[in-house]
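Descriptive analysis of the structure
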Amino acid sequence: MFQKELSKRAIANEIEKNGFTIVRGAIDQTFVKKQRDRWLDYFASKPNTTNCVLSGLILGEPNFCSYSQAPALCMYRYFEFLWNDNDDQEALDMHLAIHRMRNEIQGFPLDYGLHFSSQNYGVYISTSLYPIRYGMLEEHVDGHGDIPILHYMLPLSFKGKDFSDGGLHIRSKQGDIIDIDSLVSPGDLIFFDGRCKHWVKKIEASDPSKPGRLAVFAIPTWFMKVA
């Protein structure tokens, strides 16, 4: 699954020190290209979308694609839920492996968030496209009360090739603003503490035919249960 053995201790130390880390060459580039092509084709197909949903996800609901263009954000986001049938086992296996490693780094049980309890806490897979000239996400932090969120992110498009300006930025624990997307290459894996302020600066490119910013990660959340 991984191109090399990932040091959980090194990742944890970097996050504790800086709030983020980039694991170079963690994921096979052939896999990255396959996922990039798959999702760019999907979003180019003009899929049916609902208004963007950032909370209030319902336990048992079908997968769906959303879009929103508002002052706080502009993006397409495809929601994949683990209780539904999956059409890409290789991608699912990758996300489960990274999520389990994330749990280990945080000191959680290995399958925390993969088996639902009465609390309805779990993860969903988010594939997000931030389009040229509009895509953005305002500065924010993530956390669930006393439960911290350690985010991981696999970029599928890249600054300098698919867009020229904007992208993911993080305020490090030293207070520095880090342009994360300017630092990553195909196969790199990003980890960052969701309690650090982060945002996606508006995506720009001189060529409007460029795809924009495409990335995928699994997001922990509380699911609603409808009687």
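Presented here is a report on the structure given in the accompanying data block. (Residues numbered from 1 in each chain as written. Predicted model: local features only at pLDDT ≥ 70, side-chain atom pairs only at ≥ 80, totals over all residues. Heavy atoms only, no water.)

Notes on the pattern of salt bridges
- With the rule as written, the count across this model stands at 11 salt bridges.
- Note that Lys197 and Glu139 form a salt bridge whose closest N and O atoms lie 3.7 Å from each other. Residue Lys197 is located in the loop between strand 12 (189-193) and strand 13 (198-204), and its partner Glu139 is located in strand 6 (residues 136-140); the two are separated by 58 residues in the primary sequence.
- Residues joined in a network through salt bridges with shared partners are Arg38, Asp87 and Asp88. (Salt bridge = Lys/Arg side-chain N within 4 Å of Asp/Glu carboxyl O. Helix = DSSP H or I, 4+ residues; strand = E, 2+ residues; numbered from the N terminus.)

Focus on the side chain of Asp193
- Tracing the sequence through the fold places Asp193 in strand 12.
- Residues in contact with Asp193, not counting those within four places in the same chain, are Ile15, Gly19, Ile149, Leu150 and Lys173. (Contact = heavy atoms within 4.5 Å.)

Description of the pairing of strand 12
- By the criterion of burial, strand 12 is predominantly enclosed, with five of the five residues buried.
- Residue alternation in strand 12 divides its side chains into two sets, Leu189, Phe191 and Asp193 and Ile190 and Phe192, and both sets are buried.
- As judged from the four bridges shared by strand 9 (residues 150-155) and strand 12, these two strands associate in the antiparallel manner. Pairing of His151 across the sheet is with Phe192, part of strand 12. (Buried < 20%, exposed > 50% of the residue type's maximum accessible area, 1.4 Å probe, protein only. Pairing = 2+ DSSP bridges.)

Here we look at the packing of helix 1 (residues 8-18) against helix 3 (residues 89-106)
- One can describe the packing of helix 1 onto helix 3 by two numbers: an axis separation of 10 Å at closest approach and a directional angle of 65°. Seen from above, helix 1 lies across helix 3 with right-handed handedness. Touching Lys8, Ile11 and Ala12 of helix 1 are Met101, Glu104 and Ile105, all from helix 3.
- Considered class by class, the residues forming the contact of helix 1 with helix 3 number four nonpolar, no polar and two charged. (Axes fitted to C-alpha atoms, helices over the stretch in contact; angles between N-to-C directions. Left-handed = near helix turned anticlockwise from the far one by under 90°. Nonpolar A, V, L, I, M, F, W, Y, C, P; charged D, E, K, R; others polar.)

What to know about unusual backbone geometry
- A positive phi angle, near 55°, is found at Lys46, a position not held by glycine.
- You can see Lys46 is positioned in the loop between helix 2 (29-44) and strand 2 (50-51).
- The class for Lys46 is exposed, based on a relative accessible area of 72%.
- Phi at Arg133 takes a positive value of approximately 80°, unusual for a residue other than glycine.

Brief notes about the nonpolar core
- Within the largest apolar cluster, 64 residues are counted, with the highest numbers of intra-cluster contacts made by Ile11, Ile27, Leu154, Ile180, Leu189 and Phe191.
- Top contributing element to this core by residue count: helix 3, with seven residues.
- Residues contacting Ile180, with those up to four places away along its chain left out, are Phe20, Ile22, Leu168, Ile170 and Ile190. (Core = buried A, V, L, I, M, F, W, Y, C linked by side-chain atoms within 4.5 Å.)

What about the layout of surface pockets?
- There is about 540 Å³ of room inside the largest pocket.
- As for the largest pocket, its lining consists of 31 residues, and the residues nearest its centre are Leu54, Arg77, His140, Asp142 and Ile219.
- Within the residue set of the lining of the largest pocket, elements represented by two or more residues are strand 4 (73-81), strand 5 (121-130), strand 6, strand 7 (143-144), strand 9, strand 13 and strand 14 (213-222).
- Ranked by residues supplied to the lining of the largest pocket, first place goes to strand 14 with seven residues. (1 Å grid on protein atoms, 1.4 Å probe; cavity = no way out; pocket = protein on both sides within 12 Å on 5 of 7 lines; lining within 4 Å. Points joined across faces, edges and corners; volume = space filled by probe spheres on them.)

Side note on empty space enclosed by the protein
- On inspection of all chains with the given rule, the structure shows three cavities of 30 Å³ or more.
- In this structure, the largest cavity occupies an estimated 80 Å³ of space.
- Taken together, the elements giving at least two residues each to the lining of the largest cavity come down to helix 2, helix 3 and strand 5.
- In the lining of the largest cavity, the residues fall into eight nonpolar, four polar and two charged.
- Considering only enclosed or pocket space, the second largest cavity measures out at about 60 Å³ in volume.

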